[in-house]
Each structure stands twice: as structure tokens, then as C-alpha cells.
Amino acid sequence: MKRLFTLTICLLSLQILQAKTLLTASAGLIKLNAEAINADTTILPVLNQSLPLTTYGGVYKRRLDSIRKDIQLDYNEYVQAYIDLYMHNREEMGQVVGLTKYYFPIYEKAFREAGIPEEIKFLSIVESKLDPNAVSRVGATGLWQFMGTTAKIYGLNMDNYIDDRRDPIQSSYAAAAYLKDAYQEFGDWLLAIASYNCGKSNVERAVEKAGGVTDFWSIRQYLPVETRGYVPAFIAMNYVMNYFSKHNIVPQACNFSIRTDTVMVKRIVPLSSVAQALDVSLREITVLNPSYRMAVVNGSPKTPRRLILPQTAKDNYAALYNVLNGVDTPVPATAPKTNTYAAVTSYTPAKNERRIPTHHKVRKGETLASIADKFGCEVSDLKVWNHLKTNRAPIGATIKVSAGEVAANVQDDEGYSKN
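All values reported here derive from a predicted model rather than from experimental measurement.

Draft legend 1. Focus on the overall build of the protein chain. Looking only at helices and strands, the protein chain features 16 helices and 6 strands. The proportion of buried residues among the 419 residues of the protein chain is 50%. Restricting the contact set of the protein chain to residue pairs at least 6 apart, pairs at least 24 apart contribute 68%. Working note: accessible area of the protein chain is about 20,600 Å², and carbon and sulfur atoms make up 52% of it.

So this is what it looks like as C-alpha cells:
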């Protein structure tokens, strides 16, 4: 009996030692990847190690299966590692859950109109933690982390005054357009998502190396290192955002107003003047309008600009009207009510704001430079869109003056969400 007891004690000691080793390894992995997160602007660490599945793996799998809609949400050790990582950062996840109240309705509208799965909205959290001002170490910018080249292809403008990559509405429509193009090419949403991180050409090469198989887990080993963890991170984020309450993650309220109105501005208006008229902080206005790089709305009668405003008391209408219209004398408090405001969630961008091209018939005396100035693009863009080899404008010809139809046909070698 004594010998049996001694053997039992030895076995228990060995199990405890193994458990401690596993916990130490897990803690080290979490710490390592938390440091990777802090070193960059996004929540996505470069994670390609895997941990043994926990005893609760069956629960995680059942939960992922229950929320699955149009996109395959596989459960494995890679996904579990990201779930563990995100759950370790409960406070940060609580802040993100609060921000979804404002940003997700914008995403859902854009995705619904583009005909892509709603659950792709969680990809933006992986990209930017829902920070419209996020900039990665290689220059990817905004909620959807567009690189400059791809941003232009998908109709986003960038100049001294504005950066559409930071605009929640514009960038969401552009992201939806890219993902729809990628899905039409690969026929698989996980591969489309992978291409969002590394570019379509890298996914194409991986598929070729895998013998033509169009399944993410089959081609994973042939993808860039970062992308191997990108799709598991997306799946894990789907889990976290649906089951955060099961893991003691407490949603935190947004630190800005989520009840907003929209006005179209036809003149140059400093955001500071708008803030003063509404009696709110400048930060409140800039958070809602992150695309204006100089804190100035550069609108004109020809190209009005969208301005998002926190809903305000009627007493502020007169001051707001004066600021937006350059009026020095007071106007009735009810004046702005005449179709001045429109809820941001009901705003539908004009088609030529996105991908439908605008054409222009070249008149005598016009140059590519004057046409570019007129339509807010670059001469180099006009040459690319119209296959022109010189700077001469072909008189009488109808040319494209925005990316429009060519966007889906341009190969994206760099990928626009590199971190």
C-alpha cells in the first residue's frame, strides 16, 4: 500500500509540473504578443505558434458554429491562441465593444449595399481597433488600413486637406468593394480576407503552390508569415465580439456622441468655428470628422463636403447656420431645419463617390492638367485610366476622370492593409 501511495504521489507531482510548464508557456506567449501589439498601431500581433487546445475547446467550437453565417469559422489551435490573447486584454476589448455602437451601423450599411457578409465588419477591429486615425509602420491608414496606392484604386482621395482613408463611410464602401472583388476572384471569403492583408497576388501564388486548392488552411503555409495569423485573428474576433460577456469583458461607453446629424458644407469652414457654435469641444468634432487633416472643411458649391455633427439643442441652430453659411446677422432658430440635417445612418454616397466612373469629353484648349484640376485627380491618374502615353489631351475624345470601372481590374500586389 505504501509503495502504491508513493507511486500515486509521483504521478500527481508529474501532472502538476506539466500543468505549470503549460501555464508558463501560455503566459509567456501572451506577454510576447502583447508586446508585439504595443509596438504597432493595430491589435494584430504576428502569431504563428500554437497552443494545445484547452479542455473547453468543444465549447468554443460550438459557439463559433452557432454564430456562423456566410463565412467559415473554423476552430483550431491557432484560433484558440488569438481568443486567449484578446481575452487577456479585457479592458481594451471593452473599449472596442463600446466603439462598435457607432461604427458598426456604418459598416453594415456599406456591406449590405455591396452584398458582402456582415460579419466581415469584425475585420476592422483586427486592423485598427476601430481607430480612424490609426497609421501602421508602413503607412496603412484609417479604420480599414488602406495603403495609398490601393486607396486611389478604390476611389479614396488624399490631398493636403482630406484623407478619405480616415473617413468611416468612404473607407467602408472602399473596403467592401475590395473584398467583393477578391471574393469574385477566389470564390472563398477566407481567401478574400487573406488577400486584404497580403494582396491578391500573394494569395494567387499560394494557391498555385498548393496545387490549385482554394482553401485557406490548405494554402496557409505558403502565405506570408503575418497573413498566416491574420485569418485566425479574424475568426477569433468574431468569437470575442459575440461572447465577450461570457468572459467578463465589460463594454465601455464611447467618449463621443453617437447620436449625429449630417450637413453638406459648400464653403471653407474651420472645425473650431463649428465646435464653438455647438458649444462642444473641438475634439468632439474632429473625432466625428477624422478625414479633415487640417481641421478645416474645404467645401465649395461645386464639391460640397460632408460634415458629421453631434445632435445639438435648437438654441444652437442660429450660430451653426451662421458658421456654415458665412452669415453675419442672426437668423431664426428654426432656419436650419429645412432639409439641412440628415442622419448619418441614412446617408447614401453618390455612386460617383465610389467606383462608378465619370467621363468627360475633351474640348479644344483643354489639357490633361486642366482636366485633372477640374475633377480633383492627378495627370498621372488620367494617363493610367485612359492608356495615354503623352500629356496631350485627345480633343473630342471621351475620357475617364475617376478610377471607376478599372478598379476591379487593377492587380494589387502590395495589399492595402499591411501593418
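The discussion continues.
Draft legend 2. Expanded view of helix α12 (residues 271-278). Within α12, burial applies to Leu271, Val274, Ala275, Ala277 and Leu278. Relative to the axis of α12, the buried residues are bounded by an arc of 160° and lie together on one face. Those residues of α12 that are buried lie in contact with β2 (268-270), α13 (282-288), β3 (296-298), β4 (305-310) and α14 (317-325). At the exit of α12 stands Asp279, carrying a positive phi of roughly 60°.

Draft legend 3. Region of the structure containing the confidence of the model for the protein chain. Looking at the protein chain, pLDDT values average 79 and 73% of them are 70 or higher. Across residues 14-51, where pLDDT falls below 50, the model places 62 contacts with residues more than four positions away in sequence or in other chains. Contacts from residues 329-357, a stretch scored under 50 in pLDDT, to residues over four places away or in other chains number 63 contacts.

Draft legend 4. Fine view of the environment of Glu284. Note that Glu284 resides in helix α13. For Glu284, a relative accessible area of 13% puts it in the buried group. Along the sequence, Glu284 and Phe256 sit 28 residues apart, while their C-alpha atoms lie 6.1 Å from each other. With sequence-adjacent residues up to four places away left out, Glu284 is seen in contact with Asn255, Phe256, Ser257 and Pro310.

Draft legend 5. Focus on helix α9 (residues 200-209). Taken as a whole, α9 has its buried residues at Lys200, Ser201, Val203, Ala206 and Val207. Those residues of α9 that are buried lie in contact with α7 (168-186), α8 (189-198) and α10 (216-219). Gly211 sits one or two positions beyond α9 and adopts a positive phi of about 85°.

Draft legend 6. The arrangement of the pattern of salt bridges in detail. Evaluated as defined, the whole model comprises 9 salt bridges. Close ionic contact of Glu108 with Lys121 constitutes a salt bridge, the shortest N to O distance being 2.7 Å. Taken as a pair, Glu108 in helix α4 (residues 90-114) and Lys121 in the loop between α4 and α5 (123-128) lie far apart in primary sequence, 13 residues in all. The partner of Lys109 in a salt bridge is Glu113, and the shortest N-O contact between them spans 2.7 Å. Here Lys109 pairs with Glu113, and both are found in helix α4, just 4 residues apart, close to one helical turn. On the basis of relative accessible area, Glu113 is assigned to the partly exposed category, the value being 40%. Among the charged side chains, a network of salt bridges with common partners joins Glu108, Glu118 and Lys121.

Draft legend 7. Seen up close, the packing of aromatic side chains. Evaluated as defined, the whole model comprises 18 aromatic pairs. An aromatic cluster is present here, built from Phe104, Tyr107, Phe111, Phe122, Trp144, Tyr154, Tyr178 and Tyr196 joined pairwise through their rings. Its end group placed over the ring of Tyr243, Arg63 keeps NZ or CZ at 5.2 Å from the ring centre. Seen from the ring of Tyr78, Arg220 lies directly overhead, with NZ or CZ sitting 3.9 Å from the centre.

Draft legend 8. Region of interest: unusual backbone geometry. Even without a glycine there, the phi angle at Asp279 is positive, about 60°. If you trace the backbone, Asp279 turns up in the loop between α12 and α13. Taking the relative accessible area as the measure of exposure, Asp279 reaches 67% and is therefore exposed.

Draft legend 9. Geometry of the side chain of Asp163. Positionally, Asp163 belongs in the loop between α6 (148-153) and α7. Residue Asp163 is classed as buried on the basis of its relative accessible area, which comes to 2%. At 3.0 Å, the side chain of Asp163 forms a polar contact with the side chain of Arg165. Once residues within four sequence positions are removed from consideration, Asp163 is found in contact with Thr141, Asn157, Met158, Ser291 and Arg293.

Draft legend 10. Main features of the packing of α8 against helix α11 (residues 225-243). Remark: α8 packs on α11, axes separated minimally by 9 Å, with the N-to-C direction vectors making an angle of 130°. For the element pair α8 / α11, the angle class is oblique. Handedness of the crossing formed by α8 with α11: right-handed. Together, Leu190, Ile193, Ala194, Tyr196, Asn197 and Cys198 of α8 and Glu226, Thr227, Tyr230, Val231 and Phe234 of α11 make up the contact between the two elements. Its residues assigned to classes, the contact of α8 with α11 comprises 8 nonpolar, 2 polar and 1 charged.

Parameters at a glance
- Numbers given to residues run from 1 along each chain, matching the order in which its sequence is written.
- At least 70 in pLDDT is required for a residue's local features to be given in this predicted model, at least 80 for side-chain atom pairs to be given and counted, and no such filter applies to totals for whole chains, interfaces and linings, which use all residues.
- As a convention, hydrogens and water are excluded, and side-chain values are obtained from all of the structure's heavy atoms.
- Under the DSSP-based scheme used, a helix requires at least four consecutive residues in state H or I and a strand at least two consecutive residues in state E, with every element numbered from the N terminus.
- Relative accessibility under 20% of the residue-type maximum defines a buried residue, over 50% an exposed one, and the middle range a partly exposed one, all with a 1.4 Å probe and only protein chains included.
- Throughout, a contact is declared for two residues whenever any of their heavy atoms are within 4.5 Å.
- Each accessible area value is a Shrake-Rupley result obtained with a 1.4 Å probe; residue values ignore everything except the protein chains displayed when judging cover.
- What the arc describes is the spread of directions from the helix axis to the C-beta atoms.
- Confidence of the predictor in every single residue is expressed as pLDDT, which spans 0 to 100.
- For this document, the term salt bridge refers to a Lys or Arg side-chain nitrogen within 4 Å of an Asp or Glu carboxyl oxygen.
- Each Phe, Tyr or Trp ring, with Trp reduced to its six-membered ring, pairs with another whose centre is within 6.5 Å; inter-plane angles below 30 degrees give stacked pairs, above 60 give edge-to-face pairs, and intermediate values give tilted ones.
- Only when the NZ of Lys or the CZ of Arg is both within 6 Å of the ring centre and within 35 degrees of the ring normal is a charge said to sit over the ring.
- Pairs of N or O atoms within 3.5 Å make up the polar contacts considered here, provided that, within protein, one atom can donate a hydrogen while the other can accept it, and that residues adjacent in sequence are counted only when both atoms are side-chain atoms.
- Each axis is a line fitted through C-alpha atoms, and for a helix only the stretch in contact is used; angles between axes span 0 to 180 degrees, taken between their N-to-C directions.
- By definition in this entry, angles of less than 35 degrees are roughly parallel, angles greater than 145 are roughly antiparallel, angles of 65 to 115 are roughly perpendicular, and the rest are oblique.
- It is the rotation of the near helix from the far one that decides the hand of a crossing: anticlockwise by less than a right angle makes it left-handed, clockwise makes it right-handed.
- Under this grouping Gly is polar, as are all residues other than the nonpolar Ala, Val, Leu, Ile, Met, Phe, Trp, Tyr, Cys and Pro and the charged Asp, Glu, Lys and Arg.

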